[in-house]
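Analysis of the macromolecular model
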Amino acid sequence: MSRCIALAKNGLGTTYPNPLVGSVIVHEGKIIGEGWHRKAGTPHAEVHAIQNVKNTYGDLASEILSNATIYVCLEPCSHFGKTPPCVDLIISEGIKNVVIGCTDPNPQVAGRGIKKLFEAGHTVTIGILEEECEALNKRFFTFQNKKRPYIFLKWAETANGFIAPIERNNKKPVWITNEYSRQWVHKLRAQEQAILIGTNTAIDDNPTLTTRDWKGSNPIRIVIDKTLKIPSNAHVFNDQAPTIVFTEKEASTTNFIEHCTIDFSENLIPQILKEAHKKGIQSIIIEGGSQTLQSFIDLNLWDEALVFKGISNFENGIKAPLLNKIHDESQGIKNDTLFLYKNKNL
């Protein structure tokens with residue numbers, strides 16, 4: 001099962017809206033086939049693993065599969081989506097022993113695949129490395145169970161606790177951390193589905209919010225802009241990624257820019273998360289600024305916080321958000337330090 005989890009991680013950032021799944025087939029104590037889900041609409045992990053066996057063993061594959069055990073970190077699907085049900089394939093290939101890490105929280109699956117396997121006379125073992133398998137799909141489980149995306153808070157702060165200077169001479173980001181930390185952030189962007197900033201960050205920093213320093217897809221950009229004051233030539237409106245603008249104004253939608261009207265007299269965050277869930281967004285990085293980040297903290301609507309601390313100091317500036325928690329992990333990134341916080345009070 002550990003191998004299933006390791007394989008599944010290869011799909012991080014490319015399988016949305018599907019979960020991460022890895023599968024391994026074992027015969028006489030030896031792994032003879034393996035695979036992982038690569039992209040929505042393409043074959044699932046179990047399909048790749050079974051095909052791997054067929055490619056290797058040819059005419060002997062059917063007999064070998066009938067005496068093999070298939071491991072999969074998430075319950076095999078039992079419904080027709082963009083691909084046929086994996087449960088039907090396992091049954092048709094005669095793989096009698098099935099080991100499953102955890103059940104699927106998706107109501108379309110939710111135990112139905114397991115039930116179908118039992119009814120077909122298969123031996124099914126459930127709950128192997130269950131916590132690890134659920135942690136692997138923390139985004140998918142949060143989306144299904146809590147009806148919202150998984151929330152990453154991310155910011156960089158100076159050694160003396162400032163997130164940005166009070167004044168700046170141009171509309172460019174003021175770098176607090178080194179290039180290796182910035183590359184780490186771009187890797188994070190490639191793994192997550194969306195990234196959110198407020199109006200002031202969009203205007204003051206004019207960020208592109210892309211994965212320039214890492215290979216992978218650019219996240220969906222989400223911008224809060226009550227009165228549509230962000231200039232139309234801002235980088236967040238270029239064609240490098242789609243952008244969703246939450247506003248109180250009515251505005252037309254283009255191929256890359258969607259305007260979503262919400263009530264700014266009410267709390268914005270729950271409205272944004274509700275709309276993001278409707279749009280199938282499973283994870284969002286909140287990149288600021290300080291007021292936007294603090295809003296998520298105050299509402300306790302966050303799952304992980306990634307705080308990059310540099311070695312420089314500002315004489316004065318905008319204070320970093322206040323988290324009031326002890327970090328769970330830390331790591332050095334050259335002369336920067338990354339602190340990871342996990343929200344255990346949800």
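Residues numbered from 1 in each chain as written. Predicted model: local features only at pLDDT ≥ 70, side-chain atom pairs only at ≥ 80, totals over all residues. Heavy atoms only, no water.

1. Quick notes on the environment of Lys 344
Quick note on the threshold: Secondary structure elements follow DSSP: runs of H or I of four or more residues count as helices, runs of E of two or more count as strands, with numbering from the N terminus. Pairs of N or O atoms are called polar contacts if they sit within 3.5 Å, as long as, within protein, a hydrogen donor faces a hydrogen acceptor (for residues adjacent in sequence, only side-chain-to-side-chain pairs).
In this fold, Lys 344 is placed in the segment after β16 (336-342). For the pair formed by Lys 344 and Trp 302, sequence separation is 42 residues and the distance between their alpha carbons is 9.9 Å. A polar atom in the side chain of Lys 344 sits 2.2 Å from the side chain of Asp 328.

2. Brief notes about helix α2 (residues 45-57)
Test applied: Working rule for helices: expected span equals 1.5 Å times residues minus one. Each residue is placed in one exposure class: buried if its accessible area under a 1.4 Å probe, protein chains only, is under 20% of its type's maximum, exposed if it is over 50%, and partly exposed if it falls in between. Directions are taken from the helix axis to each C-beta atom, and the arc is the one they span. Any two residues whose heavy atoms approach within 4.5 Å at even a single point are treated as in contact.
For α2, spanning 13 residues, the distance from its first C-alpha to its last is 19 Å, which sits close to the expected 18 Å at 1.5 Å a residue. Those residues of α2 lying buried are Ala 45, Glu 46, Ala 49, Ile 50 and Val 53. For α2, the angular spread of the buried residues around the axis is 130 degrees, confining them to a single face. Tucked into the core, α2 has its buried residues touching β1 (22-27), β2 (30-36), α3 (61-66), β3 (69-74) and α4 (86-92). Phi turns positive, to about 55 degrees, at Gly 58, one or two residues after α2.

3. Structural notes on the side chain of Glu 93
Looking at the secondary structure, you find Glu 93 in the loop between α4 and β4 (97-102). With near-sequence residues (within four places) excluded, Glu 93 lies in contact with Ile 50, Lys 54 and Leu 65.

4. A closer look at the sheet that holds β4
Strands pair in a sheet through their backbones, by hydrogen bonds, and they do so in one of two ways: parallel or antiparallel. Spelled out, the test is: One requirement defines pairing of two strands: DSSP has to find at least two bridges between them. Lines fitted to C-alpha atoms define the axes, with helix axes restricted to the stretch in contact, and inter-axis angles between N-to-C directions lie between 0 and 180 degrees.
The sheet built from 5 strands is open, its strands ordered β2-β1-β3-β4-β5 with mixed pairing. In this open sheet, the two strands that pair with only one neighbour each are β2 and β5 (123-126). Strand-to-strand twist of the sheet, defined as the mean angle between neighbouring strand axes without regard to direction, takes the value 20 degrees. When β4 meets β5, the two strands line up parallel, connected through 4 bridges. Paired with Val 98 across the bridge in β5 is Val 124. Strands β4 and β5 of the sheet are contacted by helix α5 (residues 112-119), whose axis makes an angle of about 150 degrees with β5.

5. Quick look at the pattern of salt bridges
Going by this rule: Every case where a carboxyl oxygen of Asp or Glu lies within 4 Å of a side-chain nitrogen of Lys or Arg is listed as a salt bridge.
For the structure on display, the rule yields 13 salt bridges. Glu 93 is the salt-bridge partner of Lys 54, the closest N and O atoms lying 2.6 Å from each other. Taken as a pair, Lys 54 in helix α2 and Glu 93 in the loop between α4 and β4 lie far apart in primary sequence, 39 residues in all. Here Lys 278 makes a salt bridge to Glu 275, at a shortest N to O gap of 3.5 Å. Of this pair, Lys 278 and Glu 275 both sit in helix α10 (residues 268-278), 3 residues apart, roughly one helical turn. For Lys 278, a relative accessible area of 58% puts it in the exposed group.

6. So, the domain arrangement of the protein
For clarity, the threshold we go by: Note that domain bounds follow an automatic or database assignment of domains. Note: buried area is the sum, over both parts, of the accessible area (probe 1.4 Å) each one loses when the two are combined. Polarity classes work like this: nonpolar for Ala, Val, Leu, Ile, Met, Phe, Trp, Tyr, Cys and Pro, charged for Asp, Glu, Lys and Arg, and polar for all others, with Gly in that last group.
In terms of domain boundaries, the protein breaks down into domain 1 (1-141) and domain 2 (149-342). Using only C-alpha atoms to locate each centre, domain 1 and domain 2 end up separated by 35 Å. The interface of domain 1 with domain 2 comprises 8 residues on the first partner and 9 residues on the second. Around 790 Å² of area is buried between domain 1 and domain 2 when both sides are counted, 49% of it from carbon and sulfur atoms. Looking at the side of domain 1 facing domain 2, the largest losses of area belong to Tyr 16, Lys 138 and Arg 139, adding up to 66% of the total buried there. In this assembly, domain 1 and domain 2 are joined by 2 salt bridges. Taking the shortest distance from any N to any O, the salt bridge between Arg 139 and Glu 192 comes out at 2.7 Å. Partitioning the side of domain 1 that touches domain 2 into residue classes produces 4 nonpolar, 2 polar and 2 charged.

7. With respect to unusual backbone geometry
The peptide bond linking Tyr 16 to Pro 17 adopts the cis configuration, its omega dihedral lying at 5 degrees. Here the phi dihedral of Leu 209 falls at roughly 60 degrees; this positive angle occurs in a residue that is not glycine. Among the secondary structure elements, Leu 209 is positioned in the loop between α9 (199-204) and β9 (220-224). Notably, Asn 324 is not glycine yet its phi reads approximately 55 degrees, a positive angle. Looking at the element boundaries, Asn 324 is found in the loop between β14 (318-319) and β15 (329-333).

8. Comments concerning the sheet that holds strand β8 (residues 194-197)
Spatial ordering of the open sheet is given by β11-β10-β9-β8-β12-β6-β13-β16-β15, a layout of 9 strands whose pairing is mixed. Edge positions in the sheet fall to β11 (257-261) and β15, since each of these pairs with one other strand and no more. Strand-to-strand twist of the sheet, defined as the mean angle between neighbouring strand axes without regard to direction, takes the value 20 degrees. Direction of pairing for strand β6 (residues 150-157) relative to strand β13 (residues 304-309): parallel, over a ladder of 6 bridges. Opposite Lys 154, over in β13, you have Leu 306 as the bridge partner. Its contacts with the sheet put helix α7 (residues 138-146) on β6, β12 (283-288) and β13, and the angle it makes with β6 is roughly 125 degrees. Sheet strands touched by helix α11 (residues 290-298): β6, β8, β9 and β12. Its angle to β6, the strand with the most contacts, is close to 135 degrees.

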